[in-house]
Amino acid sequence: MTTEILANEWMNDLLLFGIYLASSLILLYLGKWVFKWTKSSIKVREELVEKDNLAFSFAYTGYFAGLLMAVGSAIYGESNGLLIDLEDMAIYGILAIILLNLSSLIIDHINLRRFSIWKEITVDRNAGMGIIEGANFLASGLIIFGAITGESGGLTFGIYTAIAYWALGQILIVIATALYDRLMPYSLHDEIEKDNNAAGVAFAGLIIAVANLIRHGLMGNFESWDQTLLEVAYETGIGLVVLPLIRTLVDRILLPDRKLSDEIAAQEKPNVGAGLIEAFGYIGGSVLIIWCI
């Protein structure tokens with residue numbers, strides 16, 4: 001549906017673009033305010049400008065990357081008319097911001113429960129932890145994007161399905177990251193506590209990759225709960241099996257004489273480049289899986 005405000009089509013499209021862009025920026029600003037409110041003990045300007053805290057920069061940038069995906073879920077798709085679009089953007093945009101910040105609390109208190117996360121980021125300036133926290137935000141944004149996009153049979157039912165999908169995504173992320181921690185030949189907790197940035201980068205890649213698969217499984221028009229659960233379980237299940245295999249393949253091709261895990265955690269100075277290669281293997285693998293399904 002095309003909204004006609006001005007007679008000139010080009011000017012009309014430009015005006016609509018400006019309205020949608022301004023509405024999006026308002027939602028992003030609201031998301032920034034919610035972050036500052038939920039993290040009221042943290043002085044953002046001080047961390048970024050005065051302390052030059054790289055760990056906080058990673059986490060803060062990840063928050064906005066996740067926020068962009070979350071807010072984008074309220075914009076994505078065909079227009080239903082300007083007024084309806086703005087109403088949907090307001091409702092789903094605010095819902096997305098709330099879910100994004102709830103995601104952070106859930107993941108922080110389950111997956112990273114043994115850490116004092118923001119102490120690690122703001123006091124110890126643990127860049128590895130900052131990278132993981134930023135990845136958690138981005139992953140949550142991807143899941144929210146999948147949960148909210150698509151038609152779901154009306155506004156009320158759409159909100160219910162979005163929240164249900166989001167909750168399902170959180171459960172799957174928790175399961176996937178717990179499996180990762182068990183499969184690794186080193187203790188992720190110990191490595192992160194030792195400020196091992198390489199381990200943080202590799203783990204962040206896994207988080208984003210799994211969230212990308214969940215996002216793709218959740219996207220699309222709602223048909224039935226059974227169909228949605230089947231699609232998400234299918235894609236996430238394939239990912240949990242195939243991603244470690246792709247990681248092994250990347251290891252053999254790019255580092256034929258060394259093991260990625262040794263480069264990341266079995267030497268005095270962890271190899272951040274090796275962690276980046278592993279992260280690429282996971283994220284690239286998730287993209288390939290989506291293309292091939």
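Because the structure is a prediction, the values reported are computed rather than measured.

The rules behind each value
- Residues numbered from 1 in each chain as written.
- Predicted model: local features only at pLDDT ≥ 70, side-chain atom pairs only at ≥ 80, totals over all residues.
- Heavy atoms only, no water.
- Patch = residues over 30% accessible without salt bridge, like charges linked within 9 Å, V, L, I, M, F, W, Y side chains within 5 Å.
- Areas by Shrake-Rupley, 256 points an atom, 1.4 Å probe, with all protein chains shown as cover.
- Salt bridge = Lys/Arg side-chain N within 4 Å of Asp/Glu carboxyl O.
- Helix = DSSP H or I, 4+ residues; strand = E, 2+ residues; numbered from the N terminus.
- Buried < 20%, exposed > 50% of the residue type's maximum accessible area, 1.4 Å probe, protein only.
- Phe/Tyr/Trp six-rings, centres within 6.5 Å; stacked < 30°, edge-to-face > 60°.
- Axes fitted to C-alpha atoms, helices over the stretch in contact; angles between N-to-C directions.
- Parallel < 35°, antiparallel > 145°, perpendicular 65-115°, else oblique.
- Left-handed = near helix turned anticlockwise from the far one by under 90°.
- Contact = heavy atoms within 4.5 Å.
- Nonpolar A, V, L, I, M, F, W, Y, C, P; charged D, E, K, R; others polar.
- Expected span 1.5 Å × (residues − 1).

Visitor: Help me understand a nonpolar patch on the surface in this model?
Guide: Side chains of Leu30, Trp33, Trp37, Ile94, Ile98, Leu102 and Leu105 sit close together on the surface and give an oily, nonpolar patch of about 690 Å² of accessible area. Sorting elements by how many residues they give to the nonpolar patch places helix H4 (residues 82-110) first, with four residues. Here Leu102 shows up in helix H4. Residue classification places Leu102 among the partly exposed positions, given a relative accessible area of 35%.

Visitor: Help me understand the packing of aromatic side chains, please; the structure alone is not making it clear to me.
Guide: Inspection of the entire model under this criterion finds 13 aromatic pairs. Taking 5.0 Å as the distance between ring centres and 85° as the angle between the ring planes, the aromatic pair formed by Tyr63 and Phe137 counts as edge-to-face. Of this pair, Tyr63 sits in helix H3 (residues 54-75) while Phe137 sits in helix H6 (residues 127-148), and the two are 74 residues apart along the sequence. Phe137 shares its class with Tyr63; the two are buried. Three or more aromatic residues link up through ring pairs in this structure, and these residues are Phe35, Phe56, Tyr60, Tyr63, Phe64, Trp118 and Phe137.

Visitor: Is there a simple way to think about the pattern of salt bridges in this case?
Guide: Applying the stated rule across the entire model yields five salt bridges. The salt bridge involving Glu47 is made with Lys51; its shortest N-O contact spans 3.2 Å. A salt bridge links Glu191 to Lys194; the shortest N-O distance between them is 3.3 Å. Owing to a relative accessible area of 58%, Lys194 belongs among the exposed residues under this scheme. Connected through shared salt-bridge partners, Glu46, Glu47 and Lys51 make up one network.

Visitor: I tried to follow unusual backbone geometry on my own but got confused; where do I start?
Guide: Excluding glycine, residues mostly have negative phi values, and the peptide bonds linking residues are mostly trans. At Asp52, a position not held by glycine, the phi torsion is positive, near 50°. Looking at where Asp52 falls in the secondary structure, it is placed in the loop between helix H2 (44-50) and H3. When its relative accessible area of 58% is taken as the criterion, Asp52 is described as exposed. Phi angles above zero are rare outside glycine, and Asp195 is one such case at about 60°. With respect to the helices and strands, the residue Asp195 is situated in the loop between helix H8 (188-193) and helix H9 (197-218). Judged by its relative accessible area of 38%, Asp195 falls in the partly exposed class.

Visitor: Mind showing me how you'd approach the packing of helix H7 (residues 155-183) against helix H10 (residues 225-254) here?
Guide: For any two helices packed against each other, one specifies the inter-axial angle together with the distance between the axes. Relative to each other, H7 and H10 sit at 25°, their axes nearing to 12 Å. Judged by the angle between their axes, H7 and H10 are roughly parallel. Between H7 and H10 the crossing geometry is right-handed. Of the residues in H10, those in contact with Phe157, Thr161, Ala164, Tyr165, Leu168, Leu172, Ala176 and Leu179 of H7 are Trp225, Thr228, Leu229, Val232, Thr236 and Leu240. In the contact of H7 with H10, the residues fall into eleven nonpolar, three polar and no charged.

Visitor: Looking at this structure, I do not really get helix H1 (residues 9-38). What am I missing?
Guide: In an α-helix there are 3.6 residues to a turn, and that puts residues three or four apart on one side. End to end, H1 covers 43 Å across 30 residues, agreeing with the expected 44 Å (1.5 Å per residue, within 8%). Those residues of H1 lying buried are Asn12, Leu16, Tyr20, Ser23, Ser24, Leu27, Gly31, Val34 and Phe35.

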